[in-house]
Structures are given as C-alpha cells and as structure tokens.
Amino acid sequence: MHLDLDQARTFVSDLDLPAPRFGATGLALAPPIDFDAARDQAMVVGSEVVSFVQGITAEQRSDIVNCALLAQLRAKKVAPEPRSLAEVRDWYREYFDVLGNIGFVTQQTHLQHYKTKGDGFEAHQAVLDVAATLLGGAPAALALVTSAVKALQKMDAGNPWITIFNRESRSANTAHFQVSTVDRDPNGELFVALAAFALEARQRITQVLFFKFRENDVQIENHAGKASINAALLAGLRAQIAQKLLAHSSDYLSKLDI
C-alpha cells in the first residue's frame, strides 16, 4: 500500500473524534512524558500498552504513541461502548484502518480464537503466550513485554495506568486491549509487533488483565501481527496529529515504570 503524505494529511483532517472527556482542554502530554531513547520504556495509551526498545528516538516514540491514541479515539467514536464481540470487531476494524492510513503497513497478521489452557484463565497469560510466538525472533522485545506485564501485576487499583486502562478497555461484560512493541528490523527500519484481544464474558469484567475466568465463561479472540512503520510519513504528520489530540492526550496517557 503506497502512502502519500498529502492523502494522509487529508485523512487525519477529516477524522471525526469524540469530544474531550469532561470538557478537558489541557495541553497535549501534560504533565510532559519523558521519552528517552537511551532506555526501554512502556506507556499506557488508553486501552493499549506500548513498549519501546532502546534506540527508538524520542520523536518517534511520541509519534507512535499519538498514532495509537488517534486510532483508538476514532474507534471510540464509531463504537463508543462495544457490548458484544461483534461490536468489538467493529472497534478494531476502525482502529486498524486508521493506523493503515497514517504509516503502519501490515507485514503479517492473523485473527484467531484463543484457546485457554486448563480451566482457569487470566488475560495476561494470553498476552505472554501470543507475545512468545510473535516475538520469538526478537528476544529483547519479548523480554520488554514480559517486564511490562510483571510491572502491571505489582500496581494497585489507584495507580493512574489502572484508571486509564480499565476505563478504556472494558464495557460491562466485554473488553478489548492491545499490547504493542516497537523495535527495529535487521535493516534498521521501524516495526511494531501488536497483539490485540477481544473478550466477551458471562459476568461483568473488572480488572481486565488479571481478571480470573473459568474456561467456559469467556470467549476470546486475538489479532496478532507485525507492521512496518513509515517513519518519514509519521514525521510529516507529527504536528497535525499532535494538534488533533491537544485536548485528549493528558486524559489517556500514563508512563509505566518497568
């Protein structure tokens, strides 16, 4: 898919997003997010945990976080509170469409029903299982995802990431969340490995990642794959996307210490 900057700018300009939460008008990334290219980092971006391996520039980290948030907000406009797997699929259809129009070019992807192992199930187990397959050839990225999940397990319900992530990832008895890792391929090009999950349970879902299900009480789908990132296109869209998100970012972003 050829991505043209002028077309991408028109696409972003025409995107209809939800109104800011509670009439927020704060500056983007307030308080400021300290993106540091010298180390691994992880961020909570709405319903997504985005991890960066060492060496991804601060500008590129900011661009990718903003792209993830833009895609989520557009999906939220189309499917505000998905209450079934079918509605969650609509949410993801819009989410992936936005990414595909602003510089993310899918290399490989698959959608499947996730099979639980044994009678008990916690969503973070599925994250680690899928990540192990998706990132088998990238040990540093796999280790980063594992560290992020372990960090999340230690946090209490009042932590900012919990508030944001739970608010954006669940609606009654359905949930959706994404775990993505940004790295460079052997040629030095940016790519993202992304695992997206959709859940529908018989009971109300509370803390999504660590909620305990019985095998027959939940349906799970996951969409996993890799996409190359057109860094030049993202740079060309940087100011426009940041402006588009100006009234939203501070209510959807939180740094995760790993």
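Heads up: the structure comes first, above all this text.
Enquirer: How should the overall build of the protein be read in this particular structure?
Expert: When you go through the protein residue by residue, the secondary structure sums to seven helices and ten strands. In the protein, which comprises 258 residues, the proportion classed as buried is 50%. The long-range share in the protein, meaning contacts at least 24 apart out of those at least 6 apart in sequence, stands at 75%. In the structure as shown, the protein presents an accessible area of about 11,600 Å², 50% of it carried by carbon and sulfur atoms.

Enquirer: Can you help me understand the environment of A123 in this one?
Expert: With respect to the helices, strands and loops of the structure, A123 is situated in helix 4 (residues 123–134). Under the relative-accessibility criterion, A123 is labelled buried at 1%.

Enquirer: Would you explain the pairing of strand 1 (residues 41–45) in this entry?
Expert: Remember that side chains alternate between the two faces of the sheet whenever the strand is regular. The element strand 1 is largely enclosed, with a buried count of five among its five residues. Neither face of strand 1 is left uncovered, since the one carrying Q41, M43 and V45 and the one carrying A42 and V44 both have all their residues buried. Relative to strand 2 (residues 48–52), strand 1 runs antiparallel, the two being bridged by five bridges. When the bridges of strand 2 are listed, V44 appears paired with V49. The hairpin formed by strand 1 and strand 2 contains two residues between the paired strands, and G46 there has a positive phi angle of roughly 60 degrees.

Enquirer: Explain the packing of helix 2 (residues 58–78) against helix 3 (residues 85–101) to me, please; I cannot follow it from the model alone.
Expert: Taken N-terminus to C-terminus, the directions of helix 2 and helix 3 make an angle of 140 degrees; their axes are 8 Å apart at the nearest point. Between helix 2 and helix 3, the interaxial angle falls into the category oblique. Remark: the crossing between helix 2 and helix 3 carries right-handed chirality. Contact residues: C67, A68, L70, A71, Q72, R74, A75, K76 and V78 in helix 2; W91, E94, Y95, V98 and L99 in helix 3. Residue classes in the contact of helix 2 with helix 3 are distributed as ten nonpolar, one polar and three charged.

Enquirer: Would you explain helix 2 in this entry?
Expert: Every α-helix carries 3.6 residues per turn, so stepping three or four residues along brings you back to the same face. For helix 2, built from 21 residues, the straight-helix expectation of 30 Å at 1.5 Å per residue is met to within 8% by its first-to-last C-alpha distance of 31 Å. The element helix 2 is extensively covered by neighbouring structure, given that 16 of its 21 residues are classed as buried.

Enquirer: For this particular structure, what's the right way to read the packing of helix 2 against helix 7 (residues 231–244)?
Expert: A pair of packed helices can be characterised by two numbers: the angle between their axes and the separation between those axes. Following both chains from N to C, one finds helix 2 and helix 7 inclined at 60 degrees, their axes separated by 9 Å at the closest point. Put simply, helix 2 runs oblique to helix 7. Pair helix 2 / helix 7 crosses with left-handed handedness. Facing E59, Q60, D63, I64, N66, C67 and L70 of helix 2, the residues of helix 7 in contact are A231, L234, A235, R238, I241, A242 and K244. Classifying every residue of the contact of helix 2 with helix 7 gives eight nonpolar, two polar and four charged.

Enquirer: What am I meant to see in the pattern of salt bridges here?
Expert: Oppositely charged side chains are able to pair whenever their charged atoms sit close together. Scanning the model with the defined rule gives ten salt bridges in all. In this structure, the salt-bridge partner of R93 is D90, at a minimum N-O distance of 2.6 Å. Here D90 and R93 lie together in helix 3, a separation of three residues that amounts to about one turn. Among the charged side chains, a network of salt bridges with common partners joins K76, R167, E168 and D251.

Enquirer: Whenever I open this one, the nonpolar core confuses me. Can you help?
Expert: One broad trend across soluble globular proteins is that nonpolar side chains are buried collectively. Counting 80 residues, the largest nonpolar core has L70, I102, F104, F177 and V182 as its most contacted members. With near-sequence residues (within four places) excluded, F177 lies in contact with S47, Y92, A123, V127, F165, S169, A195, A196, F197, L199, V208 and L209.

Enquirer: I would appreciate a short explanation of the packing of aromatic side chains in the present structure.
Expert: Aromatic ring pairs are described here by two measures, namely the spacing of the ring centres and the angle between the planes. Within the structure shown, the criterion is met by six aromatic pairs. Between W91 and Y92, the ring centres sit 5.1 Å apart and the planes meet at 85 degrees, which makes this aromatic pair edge-to-face. Judged by its relative accessible area of 3%, W91 is buried. Look at Y92 and you get buried, because its relative accessible area is 8%.

Rules used throughout
- Residues numbered from 1 in each chain as written.
- Predicted model: local features only at pLDDT ≥ 70, side-chain atom pairs only at ≥ 80, totals over all residues.
- Heavy atoms only, no water.
- Helix = DSSP H or I, 4+ residues; strand = E, 2+ residues; numbered from the N terminus.
- Buried < 20%, exposed > 50% of the residue type's maximum accessible area, 1.4 Å probe, protein only.
- Contact = heavy atoms within 4.5 Å.
- Areas by Shrake-Rupley, 256 points an atom, 1.4 Å probe, with all protein chains shown as cover.
- Pairing = 2+ DSSP bridges.
- Axes fitted to C-alpha atoms, helices over the stretch in contact; angles between N-to-C directions.
- Parallel < 35°, antiparallel > 145°, perpendicular 65-115°, else oblique.
- Left-handed = near helix turned anticlockwise from the far one by under 90°.
- Nonpolar A, V, L, I, M, F, W, Y, C, P; charged D, E, K, R; others polar.
- Expected span 1.5 Å × (residues − 1).
- Salt bridge = Lys/Arg side-chain N within 4 Å of Asp/Glu carboxyl O.
- Core = buried A, V, L, I, M, F, W, Y, C linked by side-chain atoms within 4.5 Å.
- Phe/Tyr/Trp six-rings, centres within 6.5 Å; stacked < 30°, edge-to-face > 60°.

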